[in-house]
Amino acid sequence: MLRQKPELNIIYISERMRHSLQPIARSSLTAVVAPMGYGKTTAINWYLPGILMGLCVAGLAIFIAVKKGYKSSDVKDPDPAIKVIIDAVPSLLAVIIVMGGILAGFFTATEAGVVLCLYCGLLSILYKEMTLKSFYNLLADTMESSATILFLIAASSIMSYVMSYSGIPAAISNALMSVSSNRYVILLIMNVFLLVMGMFLDLTPAVLIFTPIFLPITRSIGMSDVQFGIMLIMNLGIGSVTPPVGSCLFVGCGVGKVKIEGVTKYIVPLFAAMVVALFLVTFIPAIALVVPYLCGLVPSLGWTM
């Protein structure tokens, strides 16, 4: 379907946009490189920002679907609804197993990926949907996708080393503070810079580089550490689905069997929708802080100074 109607590429790519929010594993990196504490980077902080970004992208997708006249599927399942629900229970348990295991402390977010792969493998055997040939093809596709991602990470790591060695991060910090003392101007410049850097750097090295640079600045202008962590990951996460080094974009196009140039122009509206959500989270502290405030992780819903 994606190859027959190129404009439908937007549907698949919008599904890949979920990777622009990678809260548990990625946001915990900010606690590693800065004295924030893991409690300030826990996944619970992402509930409202994540819902907001989802609503922005979903609203745009609905608008595009109505404007272009996309019709809902008229394919009907011959089985009764109760049977479909019962058959889906084992698959739905995957979410409970992963999230329950993480929240209970049985395994980390990274280890949860391994657990989920094993569980899905067992389900494929249970549903009799995997053969030795399909398993081999699955491993081959996985290695191809992994090689693409690892190459991008290696390239971005080289760039991050060059930046650190040349003193660019410190120069950026000094230049930013000399531009203006207005917190909104500083945050706007910071967001634009991180969005651009997210297009060229993988999320992990970018977090390791920019957290110790920008965290002191945001603290000096009264931004909560929680809000900063969310803003940082949202910026770099959006970058992970944009060319030229968008690792999630490459994976999405590889799985969907479409070309990067064929979907790039359809990403622009979705990119704009995510940036709107990003700016709302950045400039309205209550959006990022209401859930942490109710959980006792932050003392207030506004700027700290």
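Residues numbered from 1 in each chain as written. Predicted model: local features only at pLDDT ≥ 70, side-chain atom pairs only at ≥ 80, totals over all residues. Heavy atoms only, no water.

1. A short note on the overall build of the chain
Inference 1: Along its length, the chain carries 13 helices and 0 strands.
Inference 2: Moving toward the C terminus, one meets the helices and strands of the chain in the order α-α-α-α-α-α-α-α-α-α-α-α-α.
Inference 3: Sorting the 305 residues of the chain into buried and exposed places 41% on the buried side.
Inference 4: Considering only intrachain contacts with a sequence separation of at least 6, the fraction spanning at least 24 residues in the chain is 72%.
Inference 5: Counting every atom, the chain has about 16500 Å² of accessible surface; 72% of that belongs to carbon and sulfur. (Helix = DSSP H or I, 4+ residues; strand = E, 2+ residues; numbered from the N terminus. Buried < 20%, exposed > 50% of the residue type's maximum accessible area, 1.4 Å probe, protein only. Contact = heavy atoms within 4.5 Å. Areas by Shrake-Rupley, 256 points an atom, 1.4 Å probe, with all protein chains shown as cover.)

2. Regarding the environment of Phe 279
Inference 1: Of note, Phe 279 is situated in helix H12 (residues 260-283).
Inference 2: Here Phe 279 falls in the partly exposed class, since its relative accessible area comes to 26%.
Inference 3: Sequence separation between Phe 279 and Asn 191 is 88 residues, and the spatial gap between their C-alpha atoms is 8.3 Å.
Inference 4: Not counting residues within four places of it along the chain, the set of residues in contact with Phe 279 comprises Leu 188, Asn 191 and Ile 284.

3. Considerations on the side chain of Ser 224
Inference 1: Topologically, Ser 224 is positioned in the loop between helix H9 (203-220) and helix H10 (225-239).
Inference 2: Here Val 226 takes part through its backbone nitrogen, which lies 3.2 Å from a polar atom of the side chain of Ser 224.
Inference 3: Residues in contact with Ser 224, not counting those within four places in the same chain, are Leu 289 and Val 298. (Polar contact = N/O pair within 3.5 Å; in protein donor to acceptor, adjacent residues only side chain to side chain.)

4. Topic: H9
Inference 1: When the terminal C-alpha atoms of H9 are compared, their 25 Å separation across 18 residues agrees well with the 26 Å that a helix rising 1.5 Å per residue should span.
Inference 2: In the structure, H9 departs most strongly from a straight axis at Thr 211, where the bend amounts to approximately 45 degrees and where the proline Pro 212 lies between one and four residues downstream.
Inference 3: Where H9 is concerned, the buried positions are Leu 203, Pro 205, Ala 206, Val 207, Ile 209, Phe 210, Thr 211, Ile 213, Phe 214, Leu 215, Ile 217 and Thr 218. (Expected span 1.5 Å × (residues − 1). Bend = angle between axes of the 7 residues up to and from the residue.)

5. Looking at the nonpolar core
Inference 1: Residues Met 190, Phe 210, Phe 214 and Met 234 are the most contacted members of the largest nonpolar core, which totals 57 residues.
Inference 2: Contributions of two or more residues to this core are made by helix H3 (47-68), helix H7 (168-179), helix H8 (183-198), H9, H10, helix H11 (247-256), H12 and helix H13 (285-294).
Inference 3: Sorting elements by how many residues they give to this core places H12 first, with 10 residues.
Inference 4: When neighbours within four sequence positions are excluded, Phe 214 is seen to be in contact with Ile 172, Leu 176, Met 190, Phe 193, Leu 194 and Phe 228. (Core = buried A, V, L, I, M, F, W, Y, C linked by side-chain atoms within 4.5 Å.)

6. Thoughts on the pattern of salt bridges
Inference 1: In the structure shown here, the tally under the stated rule is 1 salt bridge.
Inference 2: Of the charged contacts in the structure, one is a salt bridge between Arg 219 and Asp 225, with a shortest N-O distance of 2.8 Å.
Inference 3: By relative accessible area, which is 8% here, Asp 225 ends up buried. (Salt bridge = Lys/Arg side-chain N within 4 Å of Asp/Glu carboxyl O.)

7. Some points on a nonpolar patch on the surface
Inference 1: A grouping of Ile 85, Val 89, Leu 93, Ile 96 and Ile 97 is seen on the molecular surface, where their side chains present a nonpolar patch of about 420 Å² in accessible area.
Inference 2: With respect to the helices and strands, the residue Val 89 is situated in helix H4 (residues 81-104). (Patch = residues over 30% accessible without salt bridge, like charges linked within 9 Å, V, L, I, M, F, W, Y side chains within 5 Å.)

8. Looking at the side chain of Asp 225
Inference 1: Assignment of secondary structure puts Asp 225 in helix H10.
Inference 2: Of the polar contacts made by the side chain of Asp 225, one reaches the side chain of Arg 219; its length is 2.8 Å.

9. Here's the deal with H3
Inference 1: The end-to-end C-alpha distance of H3, which contains 22 residues, comes to 31 Å, matching closely the 32 Å that a straight helix rising 1.5 Å per residue would cover.
Inference 2: Where H3 is concerned, the buried positions are Pro 49, Gly 50, Leu 52, Met 53, Cys 56, Val 57, Leu 60 and Ile 64.
Inference 3: Just past H3, the residue Gly 69 takes up positive phi, approximately 75 degrees.

10. Here's the deal with the packing of H9 against H10
Inference 1: Contact pair H9 / H10: the axes reach a minimum separation of 10 Å and the direction vectors enclose 145 degrees. Between H9 and H10 lies a crossing whose hand is right-handed. Counted together, Leu 203, Ala 206, Val 207, Phe 210, Thr 211, Phe 214, Leu 215, Thr 218 and Arg 219 of H9 and Asp 225, Phe 228, Leu 232, Ile 233, Leu 236 and Gly 237 of H10 form the full contact between these two elements. (Axes fitted to C-alpha atoms, helices over the stretch in contact; angles between N-to-C directions. Left-handed = near helix turned anticlockwise from the far one by under 90°.)

11. Focus: the environment of Ser 134
Inference 1: Following the sequence through the fold, Ser 134 ends up in helix H6 (residues 132-166).
Inference 2: In this structure the side chain of Ser 134 is engaged in a polar contact, spanning 2.7 Å, whose partner is the backbone nitrogen of Thr 131.

12. Some details on the confidence of the model for the chain
Inference 1: On average, the chain scores 75 in pLDDT, and the residues at 70 or more come to 78%.
Inference 2: Under a pLDDT of 50 for its full length, residues 1-21 has, in the predicted model, 51 contacts with residues more than four places off or in other chains. (pLDDT = per-residue confidence, 0-100.)

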